[in-house]
Amino acid sequence: MTQPEYKLLLDVLAIETYSRDEDQLIEFLLAFFAKHGIRAWRDDIGNVYAEKGEVGTYQKYPLVVAHTDTVHRIHGNEIIPKKLLLPNYAGELKPALKGFDANDKPVGLGADDKVGIGICLMLFLRQPVLKGFFPVQEEIGARGAGKVDVSFLQNVGYAIEFDSPANTSSITLGGFLMYNPEDESGLGRIWTDLLLEFSEKRDTEFSLEQHSYTDIVKLRPHFSCINVPVGYYLYHTTSEYVVEEELFMALDLGEELIKRAGYRFYNDAPHPSASRLITQFALHTMEITGDL
Ligand SMILES: [Zn+2]
């Protein structure tokens, strides 16, 4: 992540936004896209859509997704992200960002999901061809995503949401399988291979988890979807924080996933048991300790 990208992230984190009170962030997004000459618009409910570049006749757009609301009420006393040392998934202290107001009192940072918004914007600056969907009201039941303009999804090949806590990736949402690592030509195979590669190269770990919902649960009927781990912890509380190296990794994971998945369409095959897929993935990442 470059310095200007990091600055962009801090700018996004400083914006106050709360379910149904999301105008500041919506306006920020529309101004950002206008400034960079990227086509963008909002619908009646406030969902923001963006589109950059053109795909060929038989190609499909990758779609990046992050919701514009947080659970933290607007207080008008600023959100100042400060750097502290806080535990990662393994309990190791790492540089992390946490929110404070103008009086230095802890306030909800809203990393869920403003970190996701920041990463999507960085990807729009880096990628030549991309679509983006930024739904409102995720925290009160993915209502914005439920009202997505389906005509926008017609030339999309797959969705990548940046809204999975800590080092987890949602393999199911509300019981629906988002991707299937056992489908040889599926997006799940590309994604889990990528997670395993990153685990080795960057000496980290990931887990696949069954989560209740986020926006892509509404998009999955159209194509395969991935929820990328973005490194936020204690979400939905005023103690929420985000571990920096994990959010940097989320950007790299997203970029590499788009590179490998390309401008193709994916609809991973069903699988009878998500928990079996999870167990199989865990085998790949099991740590070997002690004497051999
Ligand atoms: Zn979220």
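Notes on the structure follow. (Residues numbered from 1 in each chain as written. Predicted model: local features only at pLDDT ≥ 70, side-chain atom pairs only at ≥ 80, totals over all residues.)

Another point: the overall build of the chain. Helix and strand counts for the chain come out as 7 helices and 13 strands. In summary, the chain has a C-alpha radius of gyration of 18 Å against a globular reference of 19 Å for 292 residues, a match within 12%. Judged by the C-alpha coordinates and their principal axes, the chain covers about 55 × 55 × 35 Å. In the chain, which comprises 292 residues, the share counted as buried stands at 44%. In the chain, once contacts between residues fewer than 6 apart in sequence are set aside, the share between residues at least 24 apart is 76%. (Helix = DSSP H or I, 4+ residues; strand = E, 2+ residues; numbered from the N terminus. Rg over C-alpha atoms; globule rule 2.2 N^0.38 Å. Buried ≥ 20, exposed ≤ 12 C-beta atoms within 10 Å, placed from the backbone. Contact = placed C-beta atoms within 7 Å.)

Here the focus is unusual backbone geometry. Each neighbour pair has its own omega, and for Asp 112 with Asp 113 the value is 15°, a cis peptide bond. Positioned with a positive phi, Ala 166 is a non-glycine residue whose angle comes to about 50°. Examined against the element boundaries, Ala 166 turns out to sit in the loop between strand 7 (156-164) and strand 8 (168-173). According to the C-beta neighbour criterion, Ala 166 is partly exposed, with 19 such atoms within 10 Å.

This part is about the nonpolar core. Ranked by size, the top nonpolar core spans 73 residues in total, and within it Ile 119, Cys 120, Val 242 and Ala 250 carry the most contacts. Ranked by residue count, the leading element in this core is helix 3 (residues 111-126), at 9 residues. If near-sequence neighbours (up to four positions away) are discounted, Ala 250 is found in contact with Ile 119, Phe 162, Val 228, Pro 229, Val 230 and Gly 231. (Core = buried A, V, L, I, M, F, W, Y, C linked by C-beta atoms within 7 Å.)

A few words now on the pairing of strand 11 (residues 225-229). Counting buried positions over the 5 residues of strand 11 gives 5, a clear majority of the element. Where strand 7 lies against strand 11, 4 bridges are found, and the strand directions are parallel. Its bridge partner lying in strand 11, Ala 159 is registered against Cys 225. (Pairing = 2+ DSSP bridges.)

This part covers helix 3. In this model, helix 3 (16 residues) spans 22 Å end to end at C-alpha, consistent with the 22 Å of a helix rising 1.5 Å per residue. By the criterion of burial, helix 3 is predominantly enclosed, with 14 of the 16 residues buried. (Expected span 1.5 Å × (residues − 1).)

On to the sheet that holds strand 6 (residues 130-134). Taken in spatial order, the 6 strands of this open sheet run 1-2-6-3-7-11, and their pairing is mixed. The strands lining the two open edges of the sheet, one partner per strand, are strand 1 (39-42) and strand 11. Ignoring which end each strand starts from, the neighbouring axes of this sheet average 20° apart. In this structure, strand 3 (residues 61-65) lies alongside strand 7, joined through 5 bridges in parallel fashion. Bridging across to strand 7, Leu 63 finds its partner in Ala 159. Contacting strand 3, strand 7 and strand 11, helix 6 (residues 244-261) runs over the sheet at an angle of about 155° to strand 11. (Axes fitted to C-alpha atoms, helices over the stretch in contact; angles between N-to-C directions.)

The topology assignment puts Gly 144 in helix 4 (residues 143-146). With 27 C-beta atoms packed within 10 Å, Gly 144 lands in the buried category. Separated by 102 residues in sequence, Gly 144 and Arg 42 place their C-alpha atoms 11 Å apart. The contact partners of Gly 144, leaving out residues within four places of it in the chain, are Ile 45, Gly 46, Asn 47, Pro 135, Val 136, Gln 137 and Glu 138.

The next subject is the packing of helix 5 (residues 187-201) against helix 6. Closest axis-to-axis distance for the helix 5/helix 6 pair is 10 Å, and the angle between their directions is 135°. Classified by the angle their axes make, helix 5 and helix 6 are oblique. Between helix 5 and helix 6 lies a crossing whose hand is right-handed. Here helix 5 contributes Leu 187, Ile 190, Trp 191, Leu 194 and Phe 198 to the contact with helix 6, which in turn contributes Met 249, Leu 253, Glu 256, Leu 257, Arg 260 and Ala 261. Tallied by class, residues from the contact of helix 5 with helix 6 come to 9 nonpolar, no polar and 2 charged. (Parallel < 35°, antiparallel > 145°, perpendicular 65-115°, else oblique. Left-handed = near helix turned anticlockwise from the far one by under 90°. Nonpolar A, V, L, I, M, F, W, Y, C, P; charged D, E, K, R; others polar.)

Another point: the sheet that holds strand 10 (residues 207-211). One open sheet holds the 3 strands; their spatial order is 9-8-10, and the pairing between them is mixed. Looking at strand neighbours, the two that pair on one side only are strand 9 (176-177) and strand 10, the edges of this open sheet. Where strand 8 and strand 9 come together, 2 bridges link them in antiparallel fashion. If you follow Thr 172 over to strand 9, its bridge partner there is Leu 177.

To continue, consider the pairing of strand 4 (residues 80-87). Bridging between strand 4 and strand 5 (residues 93-100) involves 8 bridges; their strand directions are antiparallel. Along strand 5, the bridge assignment pairs Lys 83 with Leu 97. The turn joining strand 4 and strand 5, which pair antiparallel and follow one another in sequence, is formed by 5 residues; a positive phi near 85° is taken by Gly 91.

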